[in-house]
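# Working through the structure, step by step
Chain residues, written in single-letter form:
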Amino acid sequence: MKPSAFVYRRPAGIEEALELLRQHPDDARVIAGGQSLVPAMNLRMATPGMLVDLAGVKELSALELDGAGRLVAGAMVAHNRFLRDERVKSGWPAIGLAVRHVAHEQIRNRGTIGGSLCHADPAAEWAAVCLLLDAEMSLAGPQGARSVAADDFVRGVYETALKPGEILSRIRFPAPLGRWRWGFHEIARRRGDFALAGALVGLNVDENDVVQAGRLVVFAVEDRARRLDAALSTLIGRGIADIDTELIGLSAAASVDPRSDMHASADQRCHLVHSCVTHALAGAGVRPAGSDPSTPTWSNQ
Ligand SMILES: Cc1cc2nc3c(=O)[nH]c(=O)nc-3n(C[C@H](O)[C@H](O)[C@H](O)COP(=O)(O)OP(=O)(O)OC[C@H]3O[C@@H](n4cnc5c(N)ncnc54)[C@H](O)[C@@H]3O)c2cc1C
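To keep things clear, this report deals only with the structure shown in the data block. Model, not experiment: these values are computed from the prediction.

The next subject is the nonpolar core. Counting residues in each nonpolar core, the largest one holds 47 residues, and the members touching the most others are I95, L117, W126 and F173. Of the domains in this structure, domain 2 (59-173) and domain 3 (180-283) are the two that each give at least three residues to this core. Apart from the residues within four sequence positions on either side, W126 is in contact with H79, F82, I95, V99, I113, S116, L117 and F173. Within the second largest apolar cluster, 28 residues are counted, among which are V201, V205, I240 and L272.

Let us now look at empty space enclosed by the protein. Following the criterion strictly, the structure yields two cavities of 30 Å³ or more and no others. Estimates place the volume of the largest cavity at around 70 Å³. L117, A127, C130, L131, M137, A150, D151, V154, R224 and A225 together form the lining of the largest cavity. Those elements that provide at least two residues to the lining of the largest cavity are α8 (125-132) and α9 (150-153). Here the lining of the largest cavity gets three residues from one element, more than from any other, and that element is α8. Counted by class, the lining of the largest cavity contains eight nonpolar, no polar and two charged residues. One number sums up the size of the second largest cavity: a volume of about 40 Å³. Contributing to the lining of the second largest cavity are V218, V221, E222, R224, R226, L228 and V256. Looking at the lining of the second largest cavity residue by residue, the class counts come to four nonpolar, no polar and three charged.

Over the atoms rolls a probe the size of a water molecule, and in doing so it shows where empty space is left. Looking at the second largest pocket, its volume works out to about 300 Å³. Contributing to the lining of the second largest pocket are 15 residues, with D121, A123, F194, D261 and H263 lying nearest its centre. Mapping the lining of the second largest pocket onto the domain boundaries places at least three of its residues in each of domain 2 (59-173) and domain 3 (180-283).

Calculation notes
Residues numbered from 1 in each chain as written. Predicted model: local features only at pLDDT ≥ 70, side-chain atom pairs only at ≥ 80, totals over all residues. Heavy atoms only, no water. Core = buried A, V, L, I, M, F, W, Y, C linked by side-chain atoms within 4.5 Å. Buried < 20%, exposed > 50% of the residue type's maximum accessible area, 1.4 Å probe, protein only. Domains from an automatic or database assignment. Contact = heavy atoms within 4.5 Å. 1 Å grid on protein atoms, 1.4 Å probe; cavity = no way out; pocket = protein on both sides within 12 Å on 5 of 7 lines; lining within 4 Å. Points joined across faces, edges and corners; volume = space filled by probe spheres on them. Helix = DSSP H or I, 4+ residues; strand = E, 2+ residues; numbered from the N terminus. Nonpolar A, V, L, I, M, F, W, Y, C, P; charged D, E, K, R; others polar.

Below is the structure:
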């Protein structure tokens, strides 16, 4: 399978990239790692007349901390760079828990955070991570720069807040304050496949492991990842060894409106949400009320 003919451009800066998009509004398309776009081109589901390769735009490849202690990732940072970065491992461990499940090693070497977010597959781990961590997206466009909260960026299946001619430039992750416990679980047919359902949980705990606040994201279930923090409300003020995980799993499953597709029915996805949420809680160290503390909790971290 071969793509239709296209012109290739490799700008050296964002302004040059934006200018190419401005000059060719109907047929220019940004390419990042090419791991989603190239298969779509080979299947002729995408037929851009021009590819604007962002690989030469150095400022989009930076992964750094800003003055406020936030992690600032250029859109072109590859998935695997996050997994190897010590600052990410210690400050934002939820990223590693989820992103190691993105596809396979080779794809994680090429595919980028920006490409994943702009592609907006409902089963993408990155959109879920960004929601969980309250990330903020910086967009560059013909009208200048603007910021969009993670919850407003992905709008639906393959739909984002990007306007014509805009580029996602950076993603900012605030530093989680206080003590956090994180858990992740997804279910896919084979390791590396897109998930059929997944859950990410973050529990803010005090020095006695009493839960102060909780965040829960479910993904690969509806048209986009969604925060379901309300399902964790019964945890607040409870010790993590005294929690009815079954109840929380059922509450999360009752809160979603899953889609049916060739991979799983809506009913199956409800069941998978329950399973993913209870296992993600176990990954965060939560023990079902009355369980034996000498029995290790199960998780796929
Ligand atoms: C076999 C296989 C399995 C996979 N499994 C998973 C998985 O389990 N989980 C998962 O999350 N992903 C999975 N992926 C997708 C992978 O994560 C891709 O890396 C990702 O979806 C796209 O990233 P990319 O950098 O390759 O973007 P590209 O393919 O280059 O681009 C994707 C889209 O985003 C646009 N775009 C890219 N960057 C920008 C930007 N900065 N600004 C504006 N628009 C932009 C492009 O125009 C294009 O429309 C899989 C892919 C394959 C081939």
